[in-house]
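Commentary on secondary and tertiary structure
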Amino acid sequence: MNNALALFWERGYDNTSMADLSAAMALSPPSIYAAFGSKETLFDEVITHYTKHHGASIWENLERFKLASEATRHVLIASAHAFTRDDTPHGCLVVLAAPQAESNHTTVNQTLRGHRRQVTEILKNLYEAGLDRGDIPRGTNIDKMANYYATVQHGMSIQARDGATRDELIAVAEAAMATWPVLISTTSSVEA
């Protein structure tokens, strides 16, 4: 599984062939099909493995933070660390492995889109809890906040793939957190 994960992470779904997977996994293509059914099914299992083992440092136990801002900062800083590890390809598999939008891999695109949307939902739930605790003021547009911080986190993945260093990504995270006071201002949630 780890060899398939590394290939998909480094090359993306479209650029990883069955021949590549066969060589990396030391299995013949018929054996891969027998074990997984299809390249898409193998990819789904890889994504599940990835989120469980590589996403945990970012997303697990966010409730341990007393403030939504602390949890958000953790997500961004942990992402900077995870996206620039020396022992894995840089960036996030879920962001970077997607086939082209017009490809015939609709199921793969839907799976990855769902995982990316989960980031926004996790953040929105975090901000709803912040509203309930009172560390985010009523009237704050938490949908916009969740979309903003999810976009920053996904963008950090692309920057990591393009060679951004950990320190550069931490600077992006800190800059994004500097916008927190503006985002929680109830006047910022009013549509212009």
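Located above this text is the structure these notes cover.
Just so it is clear, the structure is predicted and the values come from calculations on it, not from any experiment.

Bringing the side chain of Q153 into the picture now. Within the element layout of this structure, Q153 appears in helix α9 (residues 142–161). On the accessibility criterion, Q153 (3% relative accessible area) is buried. Apart from residues no more than four positions distant in its own chain, Q153 is found in contact with I58, W59, V75, L76, S79, F83 and V119.

Secondary-structure assignment places M145 in helix α9. C-alpha of M145 to C-alpha of S157: the two residues are 12 residues apart in sequence and 19 Å apart in space. Once you skip the residues sitting within four places of it in the chain, M145 turns out to touch Y127, I136, T140, W180, L183 and I184.

This part takes up the environment of Y149. Within the fold, Y149 resides in helix α9. Residue class for Y149 comes out buried when judged on its relative accessible area of 1%.

Once that is clear, we can look at the layout of surface pockets. Its boundaries defined by the atoms lining it, the largest pocket holds a volume of some 400 Å³. If you trace the largest pocket, you find 26 residues lining it, with Y50, T51, G55, W59 and V94 closest to the centre. Sorting the residues of the lining of the largest pocket by element identifies α4 (39–53), α5 (56–59), α7 (93–96), α8 (106–133) and α9 as the ones contributing at least two each. For the lining of the largest pocket, the element with the highest residue contribution is α8, accounting for 5 residues. Tallied by class, the residues present in the lining of the largest pocket amount to 12 nonpolar, 11 polar and 3 charged.

A few words on the packing of aromatic side chains. The way to describe two aromatic rings as a pair is by their centre distance and the angle between their planes. With the rule as written, the count across this model stands at 7 aromatic pairs. Both rings, one in F8 and one in Y13, keep their centres 5.9 Å apart while their planes meet at 5°; by these two values the pair is stacked. Judged on exposure class, the residue F8 and its partner Y13 are both buried. Summarising the aromatic geometry, the rings of Y149 and W180 are spaced 5.8 Å apart at their centres and angled 40° between planes, so their arrangement reads as tilted. One end of the pair, Y149, is in helix α9; the other, W180, is in helix α11 (residues 180–183), with 31 residues separating them in the sequence. Positioned over the ring face of Y13 is K39, at 4.3 Å from the centre of the ring.

A positive phi angle, close to 55°, is found at A26, a residue other than glycine. With respect to the secondary-structure elements, A26 resides in the loop between α2 (18–25) and α3 (29–36). Residue classification places A26 among the exposed positions, given a relative accessible area of 69%. Phi at N61 is positive, roughly 60°, even though this residue is not glycine. Note that N61 resides in the loop between α5 and α6 (68–82).

The subject of this paragraph is the packing of α8 against α9. For the pair α8 and α9, interaxial distance at closest approach is 8 Å and the crossing angle is 135°. Overall, the two elements α8 and α9 adopt an arrangement that is oblique. Crossing of α8 over α9 shows right-handed handedness. Facing R116, V119, T120, L123, K124, Y127, E128 and L131 of α8, the residues of α9 in contact are I142, D143, M145, A146, N147, Y149, A150, Q153 and H154. Classifying every residue of the contact of α8 with α9 by side-chain character gives 9 nonpolar, 4 polar and 4 charged.

Criteria and cut-off values
- Residues numbered from 1 in each chain as written.
- Predicted model: local features only at pLDDT ≥ 70, side-chain atom pairs only at ≥ 80, totals over all residues.
- Heavy atoms only, no water.
- Helix = DSSP H or I, 4+ residues; strand = E, 2+ residues; numbered from the N terminus.
- Buried < 20%, exposed > 50% of the residue type's maximum accessible area, 1.4 Å probe, protein only.
- Contact = heavy atoms within 4.5 Å.
- 1 Å grid on protein atoms, 1.4 Å probe; cavity = no way out; pocket = protein on both sides within 12 Å on 5 of 7 lines; lining within 4 Å.
- Points joined across faces, edges and corners; volume = space filled by probe spheres on them.
- Nonpolar A, V, L, I, M, F, W, Y, C, P; charged D, E, K, R; others polar.
- Phe/Tyr/Trp six-rings, centres within 6.5 Å; stacked < 30°, edge-to-face > 60°.
- Lys NZ or Arg CZ within 6 Å of the ring centre and 35° of its normal.
- Axes fitted to C-alpha atoms, helices over the stretch in contact; angles between N-to-C directions.
- Parallel < 35°, antiparallel > 145°, perpendicular 65-115°, else oblique.
- Left-handed = near helix turned anticlockwise from the far one by under 90°.

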